[in-house]
Amino acid sequence: MSEIQEVAKKVLKDESEGIELLKDFFDDNFSSAVKKIIEIKGKVIVTGVGKSGHIGKKISATLSSTGTPSYFVHPTEASHGDMGMVGSEDIIFAISWSGETSELADIIHFSKENKIGLISLTSSSNSLLSQSSDIALILPKATEACPNGLAPTTSTTMQLIVGDAIAICLLNERGF
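Residues numbered from 1 in each chain as written. Predicted model: local features only at pLDDT ≥ 70, side-chain atom pairs only at ≥ 80, totals over all residues. Heavy atoms only, no water.

Moving on to the environment of Leu-104. Within the fold, Leu-104 resides in the loop between strand S3 (91–95) and helix H5 (105–113). By relative accessible area, which is 1% here, Leu-104 ends up buried. As for Leu-104 and Gly-81, which are separated by 23 residues in sequence, their C-alpha atoms are 14 Å apart. For Leu-104, the contacting residues outside a window of four places in its chain are Thr-47, Gly-48, Pro-75, Ile-95, Ser-96 and Leu-129. (Helix = DSSP H or I, 4+ residues; strand = E, 2+ residues; numbered from the N terminus. Buried < 20%, exposed > 50% of the residue type's maximum accessible area, 1.4 Å probe, protein only. Contact = heavy atoms within 4.5 Å.)

Structure, rendered in structure tokens:
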């Protein structure tokens, strides 16, 4: 087996282990998040920065294509005028592995100030994001496939799975 194949199989192993950690993630708190989204009359506003932002764009697209109106708002752009796209009947779904992403501060403040629901997806229950959320979905800590532990790999796979699970649960609940 070549070194390339060995590295690829290690990536698969690391990410599979992260996926396996999600088996206990889908609990009553997750159900509450899905129910809260069903109750809104507006759209799901997805936000995040960096790789979490890329995952957020995909989650938003999946929500929209499965019957839950959604769009992605970059938090930096939100701070410079795009917050006006967020309505009182919407809900914000913010994604940040650390939960301490400084660019999310304005949108967190906006949600509280305007009584707009905030659901977060993060790995830290003690973070500003999770503590500011109506519902905080806390991902289990996992080993990144990146050998340096820097590039989000396993964590973004886990975020993507949670987003897909939310979308399909909503599709099912709506009978879409």
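Continuing now.
Moving on to the sheet that holds strand S4 (residues 117–122). Across the sheet, which stays open at both edges, the five strands sit in the order S2-S1-S3-S4-S5 with parallel pairing between neighbours. The sheet is open, and its two edges are formed by strand S2 (70–72) and strand S5 (135–138), each paired on a single side. If you compare each strand with its neighbour and ignore which way they point, the axes differ by 20 degrees on average. Here S3 runs beside S4; their pairing, made up of five bridges, is parallel. Along S4, the bridge assignment pairs Ile-91 with Gly-117. (Pairing = 2+ DSSP bridges. Axes fitted to C-alpha atoms, helices over the stretch in contact; angles between N-to-C directions.)

On to the pairing of S3, then. Counting buried residues in S3 gives five out of five residues, a clear majority hidden from the surface. Neither face of S3 is left uncovered, since the one carrying Ile-91, Phe-93 and Ile-95 and the one carrying Ile-92 and Ala-94 both have all their residues buried. The sheet contact formed by strand S1 (residues 44–48) and S3 spans five bridges and is parallel. Within S3, the residue paired with Gly-48 across the bridge is Ile-95. Each parallel crossover has a hand, and the one from S3 via H5 to S4 is right-handed. (Right-handed = clockwise from strand over helix to strand, strands pointing away.)

The subject of this paragraph is the side chain of Ser-132. With respect to the helices, strands and loops of the structure, Ser-132 is situated in helix H6 (residues 128–132). Ser-132 gets classed as buried once you look at its relative accessible area, which sits at 13%. When residues no more than four places from it in sequence are discounted, the contact partners of Ser-132 are Ile-108, Lys-112 and Leu-118.

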